[in-house]
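Chain and residue survey
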Amino acid sequence: MWAHLISAYVVSLVALALLLGFSNDVSRLRARYISTRPRGGVSHSVLITDIPCVDGLGAKEPPKRSGAMQPSDQRMDAELGGKGAVSGHHGYTAIDDELLDPWADARSQLRSGNAESMVRNEMVTTYGASKVAAVNVVYDTSKLDPLLAKYDKSKGQLEDITDDYIGKLRRRAEIKKRKQVSLMPALTPKWAKERYHVGTSSVKVDALEYLPQEMEYLLQEMKTERQ
């Protein structure tokens with residue numbers, strides 16, 4: 001009994017030691033691979049997922065400060081010799097100047113559709129021009145993907161039904177019962193409820209009639225979402 005227990009511990013320790021060694025080897029190989037790869041690609045990319053507060057996007061824009069000097073401004077103003085560089089003396093306030101306000105600059109560039117250029121300029125300013133290979137805009141398709149998946153599913157169903165009917169007609173076989181789609185009240189979209197009068201109970205509709213209409217509706221929804 002003790003021999004089995006000791007052997008189990010020994011085997012476990014050896015296995016853990018091997019796994020640790022393999023893990024360290026993989027980490028070293030990955031670090032070596034990334035360090036020797038040319039610039040660009042997945043290993044040297046940064047994904048920016050949000051631009052704060054521009055036309056309602058992202059976080060809240062910080063409130064504009066009033067004309068009264070904050071304690072930090074008073075201290076900095078005193079250190080600068082009271083020349084009004086921070087506090088807004090001589091009718092000049094840096095935070096209210098549109099040319100120096102980063103939020104105003106972000107708004108103007110995004111409204112002009114120049115988001116890619118704005119992000120590139122910020123990355124170049126932060127990391128240097130030699131370290132920024134390219135900037136590409138990647139669109140958020142989280143709302144578009146479910147519509148596309150639904151469209152592909154309806155398209156596959158329509159193709160299967162069409163192929164089934166064509167095969168029967170070629171064999172001169174009678175289509176005794178046409179395929180139908182069950183519309184459940186909780187899962188049916190509004191347009192289908194109104195068209196097929198879906199109330200509190202499910203309604204069965206001819207598949208060849210419903211599926212093309214559903215695909216057309218999904219196409220319109222995808223076009224709207226892309227805009």
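Residues numbered from 1 in each chain as written. Predicted model: local features only at pLDDT ≥ 70, side-chain atom pairs only at ≥ 80, totals over all residues. Heavy atoms only, no water.

**What about the overall build of the protein?**
Helix and strand content of the protein: 7 helices and 2 strands. The secondary structure elements of the protein, listed N-terminal to C-terminal, are α-α-α-α-α-β-α-β-α. A total of 227 residues make up the protein; the buried ones form 19% of that total. A separation of at least 24 residues holds for 44% of the contacts in the protein among residues at least 6 apart in sequence. Summed over its atoms, the accessible surface of the protein is roughly 17,900 Å², and 57% of this surface lies on carbon and sulfur atoms. (Helix = DSSP H or I, 4+ residues; strand = E, 2+ residues; numbered from the N terminus. Buried < 20%, exposed > 50% of the residue type's maximum accessible area, 1.4 Å probe, protein only. Contact = heavy atoms within 4.5 Å. Areas by Shrake-Rupley, 256 points an atom, 1.4 Å probe, with all protein chains shown as cover.)

**A word on the pattern of salt bridges**
For the structure shown, the criterion picks out 4 salt bridges. Of the charged contacts, one joins Arg28 and Asp25 as a salt bridge, the two residues approaching to 2.3 Å between their closest N and O atoms. Of this pair, Arg28 and Asp25 both sit in helix α1 (residues 2-36), 3 residues apart, which is roughly one turn of that helix. Since its relative accessible area comes to 49%, Arg28 is described here as partly exposed. Here Arg178 ties to Asp206 by a salt bridge, and the two come within 2.7 Å at their closest N and O atoms. Of this pair, Arg178 sits in the loop between α5 (144-170) and β1 (180-183) while Asp206 is found in strand β2 (residues 203-206), placing the two residues 28 residues apart along the sequence. With relative accessibility at 44%, the residue Arg178 sits in the partly exposed group. (Salt bridge = Lys/Arg side-chain N within 4 Å of Asp/Glu carboxyl O.)

**Quick look at the confidence of the model for the protein**
Model confidence for the protein is summarised by a mean pLDDT of 77, while 74% of its residues fall at 70 or above. Note that pLDDT drops below 50 for residues 55-60; the model gives that stretch 13 contacts with residues more than four away or on any other chain. (pLDDT = per-residue confidence, 0-100.)

**A word on the packing of aromatic side chains**
The full count for this structure, using the stated rule, is 3 aromatic pairs. Both rings, one in Trp191 and one in Tyr210, keep their centres 5.7 Å apart while their planes meet at 10°; by these two values the pair is stacked. In this pair, Trp191 sits in helix α6 (residues 190-196) while Tyr210 sits in helix α7 (residues 207-226), placing the two residues 19 residues apart along the sequence. Judged by its relative accessible area of 18%, Trp191 falls in the buried class. Over the face of the ring belonging to Tyr196 we find Arg195, whose NZ or CZ atom lies 6.0 Å from the ring centre. (Phe/Tyr/Trp six-rings, centres within 6.5 Å; stacked < 30°, edge-to-face > 60°. Lys NZ or Arg CZ within 6 Å of the ring centre and 35° of its normal.)

**Quick look at the environment of Asp152**
On the secondary structure map, Asp152 appears in helix α5. Given the relative accessible area of 43%, Asp152 is considered partly exposed. In the structure, Asp152 is positioned 63 residues away from Met215 in sequence and 8.7 Å away in space, judged by C-alpha atoms.

**Re the side chain of Asp206**
Judged by relative accessible area, which is 18%, Asp206 ranks as buried. One polar contact links Asp206 to Arg178, side chain to side chain, over a distance of 2.7 Å. Among all residues touching Asp206, those that are not within four sequence positions of it are Arg178, Lys179 and Gln180. (Polar contact = N/O pair within 3.5 Å; in protein donor to acceptor, adjacent residues only side chain to side chain.)

**Looking at unusual backbone geometry**
A positive phi is found at Arg172, a non-glycine position, where the angle reads about 60°. On the basis of relative accessibility, which here comes to 80%, the residue Arg172 falls in the exposed class. Backbone geometry at His197 places phi at a positive 55°, although glycine is not the residue there. Assignment of secondary structure puts His197 in the loop between α6 and β2. What makes His197 exposed here is its relative accessible area of 67%.

**Observations concerning the packing of α5 against α7**
When two helices pack together, their arrangement is given by the angle between the helix axes and the distance between those axes. For the pair α5 and α7, interaxial distance at closest approach is 9 Å and the crossing angle is 155°. Looking at the two axes, α5 sits roughly antiparallel to α7. Every pair of crossing elements has a handedness; the one defined by α5 and α7 is left-handed. Listed contacts from α7 to Leu144, Leu147, Leu148, Lys150, Tyr151, Ser154, Lys155, Gln157, Leu158, Ile161, Thr162 and Tyr165 of α5 are Ala207, Leu208, Leu211, Pro212, Glu214, Met215, Leu218, Leu219, Glu221, Met222, Glu225 and Arg226. Within the contact of α5 with α7, the residues separate by chemical class into 15 nonpolar, 3 polar and 6 charged. (Axes fitted to C-alpha atoms, helices over the stretch in contact; angles between N-to-C directions. Parallel < 35°, antiparallel > 145°, perpendicular 65-115°, else oblique. Left-handed = near helix turned anticlockwise from the far one by under 90°. Nonpolar A, V, L, I, M, F, W, Y, C, P; charged D, E, K, R; others polar.)

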